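Examining the three-dimensional arrangement
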Amino acid sequence: MVNTLAPEAAERAVRGRPSAGSAVGGRTRARRRQTVVAWLFLAPALLFFAIFLILPLGFALLLSVSRWTGFALGDIEPVGVDNFTGLFASGSTFLVPVLTNTLLFALGTVALALAGSVVVAACIDHLRFQGLWRTLYFLPIVTTVVAVGNVWKYMYEPGGLVNGVLNALGAGSVAFLEDPDTALPSLVVVQAWASVGTAILVLTAGLKSIPGSYYEAAALDGAGPVTVFRRITLPLLRPSLLLVCVTQFLTGLQSFGLIIVMTQGGPGDATDVAALEMYRQAFAHGDWGAASAAAFVLFAVVLTVTLAQVRLFGRKGEDA
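No experiment lies behind these values; they were computed from the predicted model shown.

This part covers the overall build of the chain. For the chain, the helix and strand inventory stands at 14 helices and two strands. Rg of the C-alpha trace for the chain: 30 Å, well past the compact-globule value of 20 Å for 320 residues, more than 25% over. Dimensions of the chain along its principal axes, counting C-alpha atoms only, are 120 × 75 × 35 Å. Out of the 320 residues in the chain, the part that is buried amounts to 32%. Sequence separation of 24 or more characterises 64% of the internal contacts of the chain that already satisfy a separation of 6 or more. Accessible surface computed for the chain: about 19200 Å², of which carbon and sulfur atoms make up 69%. Computing the positive centroid from 20 side-chain charges and the negative centroid from 18, the chain places the two 21 Å apart.

Now for the side chain of Gln248. Along the chain, Gln248 falls in helix α11 (residues 238-253). Residues in contact with Gln248, not counting those within four places in the same chain, are Thr109, Val110, Ala113, Ser195 and Ala199.

On to the packing of aromatic side chains, then. Inspection of the entire model under this criterion finds eleven aromatic pairs. When the ring of Phe48 is compared with that of Phe52, the centres are 4.9 Å apart and the planes differ by 40°; the resulting orientation is tilted. One end of the pair is Phe48 and the other is Phe52, both in helix α2 (residues 20-64) and four residues apart, which spans about a single turn. Residue Phe52 is classed as exposed on the basis of its relative accessible area, which comes to 56%. Pairing Phe59 with Trp68 gives two aromatic rings, centres 5.7 Å apart and planes at 80°, and the pair type is edge-to-face. Judged by its relative accessible area of 9%, Trp68 is buried. Among the aromatic residues, those joined into a cluster by ring pairs are Phe59, Trp68, Phe256, Tyr279, Phe283 and Trp288.

Let us look at the side chain of Ser117. Along the chain, Ser117 turns up in helix α4 (residues 94-124). Given a relative accessible area of 0%, Ser117 falls into the buried group. Those residues within four positions of Ser117 in sequence are excluded, and the remaining contacts are Val196, Ala199, Ile200 and Leu203.

On to the pattern of salt bridges. Taken as a whole and assessed by the stated rule, the structure comprises three salt bridges. Where Glu77 meets Arg67, a salt bridge forms, and the shortest distance between an N and an O atom there is 3.6 Å. Taken together, the residues span a long stretch of sequence, with Glu77 in strand β2 (residues 77-78) and Arg67 in strand β1 (residues 66-67) at a distance of ten residues. Overall, Glu77 belongs to the partly exposed group, its relative accessible area being 42%. What makes Arg67 partly exposed here is its relative accessible area of 42%. Between Arg280 and Asp272 there is a salt bridge; the shortest N-O distance is 3.4 Å. Overall, the relative accessible area of 25% leaves Arg280 in the partly exposed class. Residue classification places Asp272 among the buried residues on the basis of a relative accessible area of 4%.

A few words now on unusual backbone geometry. Put simply, Val96 and Pro97 share a cis peptide bond, and its omega is 10°. Counting through the fold element by element, Pro97 comes out in helix α4. Cis geometry marks the peptide bond from Gly266 to Pro267; its omega dihedral reads -5°. With respect to the secondary-structure elements, Pro267 resides in the loop between α12 (257-262) and α13 (274-284). The phi dihedral of Phe129 falls on the positive side, at around 55°, and the residue is not glycine. For Phe129, the position within the fold is in the loop between α4 and α5 (130-138). Of note, the phi angle at Gln264 is positive, near 55°, even though the residue is not glycine. Along the polypeptide, Gln264 turns up in the loop between α12 and α13.

Mapping Pro235 onto the fold places it in helix α10 (residues 225-236). Given a relative accessible area of 23%, Pro235 falls into the partly exposed group. Setting aside its immediate chain neighbours within four residues, Pro235 contacts Phe229 and Arg230.

All right, on to the layout of surface pockets then. Considering only enclosed or pocket space, the largest pocket measures out at about 360 Å³ in volume. What lines the largest pocket is a set of 15 residues, among which Gln254, Ala275, Met278, Ala295 and Leu298 lie closest to the centre. Secondary structure elements with two or more residues in the lining of the largest pocket: α13 and α14 (288-319). Ranked by residues supplied to the lining of the largest pocket, first place goes to α14 with seven residues. Residue composition of the lining of the largest pocket, by class: 13 nonpolar, two polar and no charged.

The rules behind the values
- Per chain, the residues get numbers from 1 upward, laid out in the order the sequence is written.
- Owing to the predicted nature of the model, reporting of local features is limited to residues with pLDDT of at least 70; listing and counting of side-chain atom pairs is limited to 80 or more, with chain, interface and lining totals taken over all residues.
- Excluding hydrogens and water, the side-chain values take into account all heavy atoms of the structure.
- Runs of H or I in DSSP of at least four residues are treated as helices and runs of E of at least two as strands, each being numbered from the N terminus.
- To get the radius of gyration, use the C-alpha atoms; to get the globule rule, take the number of residues to the power 0.38 and multiply by 2.2 Å.
- Burial status follows relative accessibility: with a 1.4 Å probe on protein chains alone, a residue under 20% of its type maximum counts as buried, one over 50% as exposed, and anything between as partly exposed.
- Throughout, a residue-residue contact means that at least one pair of heavy atoms, one from each residue, lies within 4.5 Å.
- Method for areas: the Shrake-Rupley scheme with a 1.4 Å probe, in which residue coverage is limited to the protein chains shown.
- Counting rule for charge: Lys and Arg are taken as positive, Asp and Glu as negative, and neither His nor the chain ends is counted.
- Charged side chains are reduced to one point each, which is NZ for Lys, CZ for Arg, CG for Asp and CD for Glu.
- Pairing of aromatic rings covers Phe, Tyr and Trp, the last through its six-membered ring, and needs centres within 6.5 Å; plane angles under 30 degrees mean stacked, over 60 mean edge-to-face, and all others mean tilted.
- Only one rule defines a salt bridge in this text: a Lys or Arg side-chain nitrogen within 4 Å of an Asp or Glu carboxyl oxygen.
- A pocket here means an open set of points on a 1 Å grid, computed over the protein atoms alone, that has protein on both sides within 12 Å along at least five of seven lines. A cavity is instead a set of points where a 1.4 Å probe fits but cannot get out; residues with an atom within 4 Å of a point line either one.
- Grid points are joined across faces, edges and corners, and a volume is the space filled by probe spheres set on the points.
- Three residue categories are used. Nonpolar comprises Ala, Val, Leu, Ile, Met, Phe, Trp, Tyr, Cys and Pro, charged comprises Asp, Glu, Lys and Arg, and polar comprises the others, including Gly.

Keep in mind these numbers describe shape, not what the thing actually does.
In structure tokens form, the structure reads like this:
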């Protein structure tokens, strides 16, 4: 007996099955809906960045090629690149000593903070109660810059703690913040001390990520502590060291609060840095164009140094 219902059932099944075109269209509509929902979730963050980052950046770029005293927007006067050329013109103090002080301050901070944090992190890694020690070293980070600056300012005074220790050791008192030769190094010590806590946290996390089997193999080969530290610990800490170097250098180049609290750029211009000079040009002298131009020059310096650090550490990592 021939089944005459089978072709009809097959035809109905074919008619009920969605075509390839309709399936693709459905996936496209679903993807479009997902995209709209994603943009709706991103909208608050994008609006925040547009208002507080993109617009100020564009306005600063406009001011860098203009002359403006900071009052009515209608007083903005285009001057081209005169603000940039004025920063490096003869008689300008921006290149020397302002930018020079900024680079020296940042380099000194990186050198001291990096060396100190590597040593301290390596010591903490072999101590008990590691969380307690990390917390103690991190306390300066959560302390306000004004408090840190004022405390160290009193410690540097002729009758302060630092000179008291020097006198007890038989050395004479030092005018740390009043002498142009010692003012900037004194600030470097304070900045490095205040920022070493973050570096220690990063480096201790890096030390914890190094497999213990490497140290066991080195011990079996008879390697000493110095060799293990130089051949195993430091090479494997390169990503953490890069992060510390970049963040410390950025902090040093943009330092403002500590310097204005402790020295206000003095004595003379011995501790005058780029951020402080921008503040003075804008708020003290009313030259917002020069301040904006200095900000973009500092941005170029920061970008160049950061890319150089990333390239240097990346190349060393490949060589290792």
